[in-house]
Structure formats: C-alpha cells, structure tokens
Amino acid sequence: MAVQKPSIPKGTRDFSPVEMAKRNYIFDTIRSVFKRYGYLPIETPAMENLSTLLGKYGEEGDKLLFKVLNSGDFLKDVNKDLLDSADSNKVTTLISEKGLRYDLTVPFARYVVQHRNEIVFPFKRYQIQPVWRADRPQKGRYREFYQCDADVIGSDSLFNEAELLLMIDDVYTQLGINVLIKLNNRKILAGIAEVIGESDRLVDITVAIDKLDKIGLENVNKELEERGLSLDAIARLQPILHLKGNNREKINSLKSILSSSTIGTKGLEEIETVLDLADQSELKTELELDLTLARGLNYYTGAIIEVKALDAQMGSICGGGRYDDLTGIFGLPGVSGVGVSFGAERIYDVLTELNLFPVDTLTGTEVLFVNFGQKEALYCLKLLTTIRKEGVSAELYPESAKMKKQMSYADDKKIPFVILVGDEEMNTGILTLKNMKSGEQFKLTIAECIEKIKGN
RNA sequence: GUGUCGUUAGCUUAGUGGUAAAGCAAAAGAUUGUGGAUCUUUUUAGACGGGUUCGAUUCUCGUACGACACCCCA
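Remember, predicted model here, so these are calculated numbers, not experimental data.

What counts and how
Residues numbered from 1 in each chain as written. Chains lettered and ligands numbered in written order. Predicted model: local features only at pLDDT ≥ 70, side-chain atom pairs only at ≥ 80, totals over all residues. Heavy atoms only, no water. Helix = DSSP H or I, 4+ residues; strand = E, 2+ residues; numbered from the N terminus. Buried < 20%, exposed > 50% of the residue type's maximum accessible area, 1.4 Å probe, protein only. Lys, Arg positive; Asp, Glu negative; His and termini not counted. Salt bridge = Lys/Arg side-chain N within 4 Å of Asp/Glu carboxyl O. Domains from an automatic or database assignment. Phe/Tyr/Trp six-rings, centres within 6.5 Å; stacked < 30°, edge-to-face > 60°. 1 Å grid on protein atoms, 1.4 Å probe; cavity = no way out; pocket = protein on both sides within 12 Å on 5 of 7 lines; lining within 4 Å. Points joined across faces, edges and corners; volume = space filled by probe spheres on them. Nonpolar A, V, L, I, M, F, W, Y, C, P; charged D, E, K, R; others polar. Near = heavy atom within 4 Å. Polar contact = N/O pair within 3.5 Å; in protein donor to acceptor, adjacent residues only side chain to side chain.

**Notes on the side chain of Lys-250**
- Within the fold, Lys-250 resides in helix α12 (residues 247-257).
- Although buried, Lys-250 forms no salt bridge, and the nearest oppositely charged side chain, Glu-288, lies 4.7 Å from it.

In structure tokens form, the structure reads like this:
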C-alpha cells in the first residue's frame, strides 16, 4: 500500500519557526498597545454552541460556519424520512450542536452576558485567537486565521471611538506601516437612505456604494437599479457620491443635505466629535471620511472604521465599528459596544511585501557549546546552568559529532556565539569563545563569556 | 456557492504518447579542535480515481488540493 501523502485542510497553514517569530512580533506589538490603553485579555473556546453563532452573521455567514458533528451515534435521533428528504438544513440541526467560532465579537457578547455580574463596566477587553470560516481561500483570506480584537462594552461615549483610533495609530506606527484610516457612520448612511426616500433599502444601498472604488460609479448605479431602487432615488444619491473636499467640507455639505433627517444629523454630529477628539489627541495618522465605506457586518450602528495600508496592495488590514445592543439577543439589552479587529495575516503579508520585519526577530539560541565527548559534555552542563541563570539562551550539541557538523548547526541556526571546551579548557577553566559573525576567538572565563554575549 | 488557471524529487522548474532532466536542499566524503567556499558521491518525483490507447506523466473526464477573481469578508 502506498504511503499516505500528508496534507492539511484547505485554507489552513503550518507556521515554521521563522514565520512564528514574525507572527509573534506582530502579536506582541498589538498586545503591548492593547495593554497600554488598559484593555484586559480574555479567551473563549474554539467551539461555541451553534445556537450562539447562527443568525448573527446573516444568511451568508451561516453558510460559512464550520459545524462540528455530534459525538457518538449522531444519527440515532434522526428519523429516516427526514434523512431521505435530504434536507441538509434540518438534518444539520439534529446532528450538530456546536460550531467553530466565526469571529471574536459574538463570543465576546455571549461572554459579557454570561459573566455580567463579575464584569466592571465599561469593560475593555482584548482577545487574540484564531477564528474559522468555510470560505473559499484567496489572497489574504484563509479558512483559519487570527483576529486581534479590542472592544469596549457598556459605554456610549465617543471617547472610546477616539481611543481606538489612537491605538490603530500606535500599532501601525510601531510596525512602520503607513496607513490611512477611513471613517464613516452608519447613522449617516441611514440618513442618506432616508432623504432619498429609500429608508428600508439601507443594506442594498450600502452594499452597492461600497463597491464604488472597485467598479466605478456607472456600475454602482446599475447595481442600485438591479437591487430595486427607484431611478429618482438613484438620481438624488448622485450629489452625495460626488461629494468632494476635506472631511470638514464634506460634513458641512452633508449637514444641509441631511438636515431633514434626524438620524443623519446625529451621525454627522458623532463623526464631528470623533474628529475633534482625534485632533485633540494629536493623532498622527490621516483620517478620511469615506461615505462609501459600508462593508462589514450589519450589526454596526454608529462609527465604521477601516484601515488601509498606503504602500501595499492589500484589502483592509483593520476594521471595526460601534454596535448597539449586540448583547440584546443574549438577554442583556441596551448595552453598547465599540471595537476594532486587526487582521494579523494581512499585516504579515504587508510587512513581508514592504520588507519591514526587524532583522533580529529570529534570535533564538545565543550560544552553543560544542560537544567534544562524554567527559567534556558533562563538564559543560554546569556551565550551561550558570549561563542560563544569567538569562542567556544556551544549548549543548547533544552528540559528539564532527566539528564541521556542529559548526554548521550553529551557522544554520544563526547562533551568534560558540563555546569550545576541550581538555585544555577543562584544565585551565579558560574557555574558547568564538564569534560566529566575525570569526574572532577569545580565551575567557565563563563570567567574561556571559558579559561578551550579553554585550553583543 | 460561481468562474479561470494550475498540480512533475524536500523546494524551484524543464521536457516527452514508449528509459523523466536540471538547479537548490539534504546525507556522506575530500578535512579526527573550527561554520559559510569548492569538488566528488548518494538519496528522493508526474495529486488521486476513471476513460481512450499495444503503451498515458503527456490526450480526456471526475475528485482533491493550490493560486487568482466574483459573492461575501479579516
């Protein structure tokens, strides 16, 4: 029988040590920023009950959920007729009660409701975990990927929105990526729908105008028409799509356009406040009011945030917004939240494309002891303990292989120093330290070796 | 869920209806206390399943996987 060729499921990836070093660099950077703003970590299970997940992401989202088959004899309660009917949806609910999480926001909402009595509000939490989507993979899109979320729940204040913008600013400044933060507000979109007389078609409108960048005005109008908007409404939308100028100018124009809409006016006030707060905090990253920014989950109710890398061809590398009453469905109404989610894999791709990973991300072992034989290796054990106590990562080559092999090992692993301990060194206590980069060799005591390695 | 293109050694790629080629990598040696260079030798391959054919890695169909785009989204 042929040996089975190993593989991993579609859209998933292995991460080798070099990749892990780079990924951890991203996670560590994001985590340090989250911490600095007072966010606390939580984790939730990879699996949630399907009842928690279903219906939260729209019909499309439900299809993209990975469902986990019940354990044991999962067919025993399914009646034959139903099976014969081949109604996948109905059968699914009977044979699967758990699913892999699709994002971190819904599990967080569930967490908040379940732990409401132990939580101090406003609750600021961050969460860095993988999520799963049964989507077809493509560039920058995987079936298993990490999200790095920070949310504030239980506060309506727009200070939270401004704070999230500052965190985005900090993260990308630290990573060295130039970005543009795009802002919009669901209330403004609702106001627009209202004044063009198509209030109940908000979703159709936003899905279509979201594509303005990609497919152009003409096609957007065509799509709006296909989605059933009246020609009159489309005509009234045009001046809004053509809006030019800086953020303040756009807002002023919109103020008159949306003056008849209470919700639209409210949205404009909100975005103005956020811009004011950002100015006050000396936000460095450029903010752009982008009315075509609408993508994202239907549960956003206020601010919508999206971050684009300026020097790389990549979709959004961070997104977020405000969602009122996300916990309502779990029995805790009237709690508002706002959050952002950093897409680690896309940041990885951008850093790779722009060659922005720092060179020292891969430092592992700092010094290798060459193994000359049993006697010498035993002697090295004490030295290893000493050197590790000083916080220097060190290893002994486990076999007394040829020098060439041991040196190549150090070279391949980019270990900067090698210590050689043979008869002579054991007699005198003076070790031979070799700098692998320069090739220099020194005769030093263990204490001097440590100093030299640390000083490197 | 739809479409396009693809899948040959550990990796990158060539080529052919009849014996499958190279570079890199890996292992051993040239060199028994000194790595990166060079040379020698060795290891390992046409995703899977059908069809056409005397014969298929090559043509064809299906499946899986991958890349890209659409839908949607991080």
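**A few points about the domain arrangement of chain A**
- Assigned domains within chain A: domain 1 (29-43 + 114-353) and domain 2 (367-454).
- Taking only C-alpha atoms, the centre of domain 1 and the centre of domain 2 are 54 Å apart.

**Some words on the packing of aromatic side chains**
- Evaluated as defined, the whole model comprises 10 aromatic pairs.
- Relative to Tyr-126, the ring of Phe-34 has its centre 5.5 Å away and its plane inclined at 45°; by these criteria the two rings are tilted. One end of the pair, Phe-34, is in helix α1 (residues 17-36); the other, Tyr-126, is in strand β5 (residues 123-132), with 92 residues separating them in the sequence. Residue Phe-34 shares its accessibility class with Tyr-126, and that shared class is buried.
- Consider the rings of Tyr-172 and Phe-342, whose centres lie 5.7 Å apart with planes at 45°: the pair is tilted. Residue Tyr-172 is found in helix α7 (residues 159-175), and its partner Phe-342 is found in strand β11 (residues 336-343); the two are separated by 170 residues along the sequence. Pair check on accessibility: Tyr-172 and Phe-342 agree, each one buried.

**Some details on empty space enclosed by the protein**
- By the definition in use, this model includes one cavity of 30 Å³ or more.
- Roughly 70 Å³ of volume is contained in the largest cavity.
- Forming the boundary of the largest cavity are Leu-158, Glu-161, Leu-165, Leu-183, Asn-184, Asn-185, Glu-270, Ile-271, Val-274, Ala-303 and Ile-305.
- Put simply, the parts of the chain that give the lining of the largest cavity at least two residues each are α7, β7 (179-185), α13 (262-280) and β9 (303-309).
- Split by residue class, the lining of the largest cavity holds seven nonpolar, two polar and two charged.

**Considerations on the protein's contact with RNA strand B**
- The immediate surroundings of RNA strand B are formed by 39 residues, with Lys-10, Arg-141, Lys-402, Met-436 and Gln-441 found nearest.
- Near the protein, within 4 Å, the atoms of RNA strand B are sugar or phosphate in 44% of cases.
- With respect to RNA strand B, the side chain of Ser-316 contributes an N or O atom lying 2.6 Å from a sugar or linking oxygen.
- Between Glu-425 and RNA strand B, the recorded distance is 3.2 Å, taken from a side-chain N or O atom to a base nitrogen.
- Within the residue set of the surface near RNA strand B, elements represented by two or more residues are β6 (144-153), α16 (403-412), α17 (423-428) and β15 (431-435).
- In terms of residues, the surface near RNA strand B owes the most to one element, α16, which gives six residues.
- Split by residue class, the surface near RNA strand B holds nine nonpolar, 11 polar and 19 charged.

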